[in-house]
Amino acid sequence: MDPIVIPILVAAIVVVFLVAATVRIVPQARRYNIERFGRYRRTLQPGLNFVLPVADRVNTKLDVREQVYSSDPKPVITEDNLVVNIDTVLYYQITDPRAAAYEVADYLQAIDQLTVTTLRNVIGSMDLEGTLTSREEINARLRAVLDDATGKWGIRVNRVEIKAIDPPNTIKEAMEKQMRAERDKRAAILHAEGERQAKILTAEGTKQKDILEAQGTQQAMILRADGESKAVELVFQAVHRNNADAKVLAYKYLETLPHLAQSDNNTFWVIPGELTEAIRTVTSAFGDQPASTGPPPGARREGAADADASDKDQVGAPEVEANSTLALEAVAAADEAAKQAAVAVSDAKAEAEAAGEARPGRASGRASASDA
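Residues numbered from 1 in each chain as written. Predicted model: local features only at pLDDT ≥ 70, side-chain atom pairs only at ≥ 80, totals over all residues. Heavy atoms only, no water.

Is there a simple way to think about the pattern of salt bridges in this case?
A pair can form between side chains of opposite charge whenever their charged atoms are brought close. Counting across every chain of the model gives ten salt bridges. The partner of Asp112 in a salt bridge is Lys74, and the shortest N-O contact between them spans 3.7 Å. Remark: Lys74 occurs in strand 7 (residues 74-77) and Asp112 occurs in helix 3 (residues 107-123); sequence separation between them is 38 residues. You can call Lys74 buried: its relative accessible area is 16%. Of the charged contacts, one joins Lys230 and Asp226 as a salt bridge, the two residues approaching to 3.9 Å between their closest N and O atoms. Taken together, the positions of Lys230 and Asp226, both in helix 6 (residues 169-242) and four residues apart, correspond to about one turn of that helix. Judged by its relative accessible area of 48%, Lys230 falls in the partly exposed class. (Salt bridge = Lys/Arg side-chain N within 4 Å of Asp/Glu carboxyl O. Helix = DSSP H or I, 4+ residues; strand = E, 2+ residues; numbered from the N terminus. Buried < 20%, exposed > 50% of the residue type's maximum accessible area, 1.4 Å probe, protein only.)

Even after reading the chapter, I still don't get the packing of aromatic side chains, so can you show me in this structure?
Note on aromatic pairs: each is described by the distance of the centres and the angle between the planes. This structure, assessed with the given rule, holds two aromatic pairs. Measuring from centroid to centroid gives 5.6 Å for Tyr40 and Tyr102, while their planes differ by 65 degrees, and the two rings are edge-to-face. With Tyr40 in strand 3 (residues 39-44) and Tyr102 in helix 2 (residues 97-102), this residue pair connects regions lying 62 residues apart in the sequence. Residue classification places Tyr40 among the partly exposed positions, given a relative accessible area of 29%. Measuring from centroid to centroid gives 6.0 Å for Tyr92 and Tyr107, while their planes differ by 65 degrees, and the two rings are edge-to-face. With Tyr92 in strand 8 (residues 83-94) and Tyr107 in helix 3, this pair connects stretches of sequence that are 15 residues apart. By relative accessible area, Tyr92 is classed as buried at 2%. (Phe/Tyr/Trp six-rings, centres within 6.5 Å; stacked < 30°, edge-to-face > 60°.)

Sorry, what's going on with a negative patch on the surface here?
A contiguous patch of negative charge on the surface is contributed by Glu79, Asp80, Asp127 and Glu129. Here Asp127 lies in the loop between helix 3 and helix 4 (128-133). Judged by relative accessible area, Asp127 falls into the partly exposed class, the value being 34%. (Patch = residues over 30% accessible without salt bridge, like charges linked within 9 Å, V, L, I, M, F, W, Y side chains within 5 Å. Areas by Shrake-Rupley, 256 points an atom, 1.4 Å probe, with all protein chains shown as cover. Lys, Arg positive; Asp, Glu negative; His and termini not counted. Charge placed at Lys NZ, Arg CZ, Asp CG, Glu CD.)

Okay, here's the thing in structure tokens:
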């Protein structure tokens, strides 16, 4: 082997070693801290960098991306002396690689211990219920304390979240019972409120129904009374317009007598004192009368003519001839009315006698009064 080749190979090896020791390629989102003879020199940025071989060396390699750190559950005592285990999640980012490497020995452990200390200070001033319902407040206070303390370490705390708060099992059971009782209470209140609203609506509906029924009854009574008044007025006008004589009035009087005994609850009925007078009137009106008792037909026609002449300005009955068909029909109607009146009187007497047999004492008194 040529002796010149060996020195060339050695020189080439030395050059390659020097080039490899001089060139440093830093990946994106990474930072390298360079020390020269054991002293911090500079921080290499991403890309191609050159250092002095042998004199310069890489001390630490740091990732400047945002990172997540989840701590183990830590026991914390609340204001009401209950021990709860709290898990936290920390989001942080290295902003100064030199400070993160030389200001604190282990920044993760330092952040963990600072988180536990701050949690105990914050939770110690709250009871269990406040701890469970004030997560946002706890997160904000934790972030403020950690961000202020880790700023000189070259670390920025972006967010702190409480992952879980675990009270003791006995407290969990008590809380479940309390929640169950609260739900039962709300259910009972809602049920009672529903019944109350239902009763109110039912009462309102009943009230409206009664009002409408009363109004309907009132209108019906008004209309009925109006109809009866008009009917009475028409009857009264018809009676006075047609000059009803005594036999028609007596017939209508006797026609109402059978209605006295139609009710099932009647044990006795009273015969009016005018009954005999009505019977006498009907008998005298419809009985057989001699032709000489009345005035002659000529006199009747003359009297009717005189009455017509004297009552020209008054409303009266139309003139009826004695031998006309209308007069004959009136006489036949009067006879039929007399027969019906006699039958009604006999039926009433029979019912009175039957009632008297049922109650002898009262019947005898009433019979004597009726005979008198």
